[in-house]
Amino acid sequence: MAFIRTSRHTLHPDSGLILPEHEVTPRAVYEDRRNLLKGLAMGAAGLAATGLGHGPALAQPGQQAGLVQRPGKLAALPATRSTVPGAYVMDKLTPHGDVTTYNNFYEFGTDKSDPAENAHTLKPRPWTLVIDGEVGKPQKLGLDDLLKVAPMEERIYRMRCVEGWSMVIPWLGYSLANLIKRAEPTGKAKYVEFVSLADPKQMPGVRSSVLDWPYVEGLRLDEAMHPLTLMAFGLYGEVLPNQNGAPLRLVVPWKYGFKSAKSIVRIRLLEKPNTPSWVKAGPQEYGYFSNVNPKVDHPRWSQATERRIGEGGFFAPKKPTLMFNGYEAQVGQLYAGMDLRKFF
C-alpha cells in the first residue's frame, strides 16, 4: 500500500506517524498502586454533565470501588474493581493526557493528534446499538439500556499497537459476553462482526479513501465471549472521550489495538468470518486474529519490543513484548494447536 503524505507528516494507512513524533508532556502518574486514591463518589448528576446520564444512574453513592483517581475532565462513571482473572495488571498507568491525545481513529484523521482535535463533532447521544444476525432475539438498544446491561467494572489493561507502541489504560465497562447472551446466539453463530459509525457529517476522516468505510472488525465467538473481552464505556473513572471511541467501544487486550473497534453501532453474529477493514486493505500484512505475538513481525515493524507511551519519549529504552500481550495464561487455550504464524 502507498504511503500517505500530509502537510505535517509522512504516514502509512495503518501506521500513523512514521517519523519520530512529539511526545505530550506526561501528567503525574502513580508510582505505587497502594497509594492510589479511591474514585470520587459518582452519581447521576455527574453523568448528566456530558449527556451520558439522561437515564437512571448505574450505582448509588457508596457503591463506587474504583482505585484510579479521575482527572475531572468529563463526567464520572460508576464502577467497581473487576474480579475477572487478568483484568487488573499492575503496570504503571499511562498518563491520562497521553491516553486522550495520542490515538489512531482514522474517522477523525490520520495523525495521532487528529482525533483529539477533531472528535468534538461526534455526538454520543442519542446512540443506538443493533445486535442481529444468527441470534434468537435481535436487540436494538439505546445508550441508557446499554449502561444497565451489567454492572460497570474498572479494569486496567495493557494496550499494544501493531506500530510498536503501547499504553496501560484503566477502562470502565463490562464483559461483552453479557451483551451477546441477551441476543441468544443460535447454533450457527461462530463469529462476531463489529461495525463502527461512519457519518461524514460527524467524522471528517470518513470523507477520505484511507479505508473502505464503515470500519469493521471481527472476532471468533469464543474470543468475543471470553471474560476479558470488554465493552467499554469509559476510562480513567469517567465516560469515554469522543477521541477514544465514545460512547462505547471494544477492548480486546491480547490483540493489537486496531482489533478494538470504536464507536460501535452494530454487532452481527455470523456463521462464517467477515473481512475486517485492515485485512481488506492489506491481507498480506494484517491477519484476522492479530494476536500480539513477539515472534511474528509485521512487514514494517518488529513486534519483539515496544515503546511505552509516556515513559521517556521516542528514544527511551523499549520493553520486551509479551506473548498475547501478557494474557497468555488467560487466553492461550483459545489457540491450542493453531499455527500462530499461519493464523496471524
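The preceding data block contains the structure.
> Requested: an account of the overall build of the protein chain, with residues and values cited.
Within the protein chain, the secondary structure is distributed over eight helices and 16 strands. Residues counted as buried form 58% of the 344 residues belonging to the protein chain. A sequence separation of at least 24 residues applies to 73% of the contacts in the protein chain between residues at least 6 apart. Entry remark: accessible area of the protein chain is about 14500 Å², with carbon and sulfur atoms responsible for 54%.

> Which residues make up the pattern of salt bridges, and what are the values?
Using the criterion set out here, one finds 17 salt bridges in the structure. The closest approach of N and O atoms between Arg220 and Asp222, which form a salt bridge, is 2.8 Å. Overall, Asp222 belongs to the partly exposed group, its relative accessible area being 34%. As a salt-bridge pair, Lys319 and Glu311 come within 3.5 Å of each other at their nearest N and O atoms. Take Lys319: its relative accessible area is 30%, and that puts it in the partly exposed class. Taken together, the shared-partner salt bridges in this structure form one network comprising Asp91, Arg158, Arg160, Glu306 and Arg308.

> Requested: an account of the pairing of strand β7 (residues 153-160), with residues and values cited.
For β7, the buried fraction is high: eight of the eight residues fall into the buried class. Residues Glu153, Arg155, Tyr157 and Met159 of β7 are buried on one face, and the alternating residues Glu154, Ile156, Arg158 and Arg160, pointing to the opposite face, are buried as well. Two strands pair when backbone bridges link them, and β7 and strand β8 (residues 165-175) are joined in this way by eight bridges, in the antiparallel orientation. Bridge assignment links Arg155 to a residue of β8, and that residue is Trp171. From the end of β7 to the start of β8, which pair antiparallel, there are four residues, and Gly164 there has a positive phi angle of about 100°.

> Tell me what's going on with the environment of Tyr335, and back it up with residues and numbers.
Of note, Tyr335 is situated in the segment after α8 (328-331). For Tyr335 and Asn291, which are 44 residues apart along the polypeptide, the C-alpha to C-alpha distance reads 10.0 Å. Once residues within four sequence positions are removed from consideration, Tyr335 is found in contact with Arg220, Glu223, Trp254, Lys255, Phe289, Asn291, Phe324 and Leu340. Among the polar contacts made by the side chain of Tyr335, one reaches the side chain of Glu223 at a distance of 2.4 Å. Engagement of the side chain of Tyr335 in a polar contact is seen with the side chain of Trp254, the distance being 2.8 Å.

> Describe unusual backbone geometry, and please don't skip the residues or the numbers.
In this chain, Arg125 is followed by Pro126 through a cis amide linkage whose omega measures 0°. Looking at the secondary structure, you find Pro126 in the loop between α3 (114-118) and β5 (128-133). The peptide bond linking Trp213 to Pro214 adopts the cis configuration, its omega dihedral lying at 0°. Summarising the element assignment, Pro214 is placed in the loop between β9 (191-196) and β10 (216-220). Positioned with a positive phi, Ser290 is a non-glycine residue whose angle comes to about 50°. With a phi close to 60°, Asn325 is a non-glycine residue in the positive phi region. Inspection of the secondary structure puts Asn325 in the loop between β16 (319-320) and α8.

Each value, and the rule that gives it
Here the residue index of a chain counts from 1 through its sequence in written order. Given that the model is predicted, a residue must reach a pLDDT of at least 70 before its local features are reported, and side-chain atom pairs must reach 80 or more before they are shown or counted; all residues, however, enter totals for whole chains, interfaces and linings. Hydrogens and water molecules were not included; the side-chain quantities draw on all heavy atoms of the structure. Strands here mean DSSP runs of E at least two residues long; helices mean DSSP runs of H or I at least four residues long; both are numbered from the N terminus. Only protein chains enter the area calculation, which uses a 1.4 Å probe; residues under 20% of their type maximum are buried, those over 50% are exposed, and those in between are partly exposed. Note on contacts: a residue pair is in contact if any heavy atoms of the two residues lie within 4.5 Å. Throughout, the Shrake-Rupley method with a 1.4 Å probe supplies accessible areas, and for residues the shown protein chains are the sole cover considered. By definition here, a salt bridge exists when the distance from a side-chain nitrogen of Lys or Arg to a carboxyl oxygen of Asp or Glu is within 4 Å. Strand pairing is defined by DSSP finding a minimum of two bridges between the two strands. Contacts described as polar in this section are N or O atom pairs within 3.5 Å, which, within protein, must combine one atom able to donate a hydrogen with one able to accept it, while residues neighboring in sequence count only if both atoms come from side chains.

Shape is all these values report; function is a separate question.
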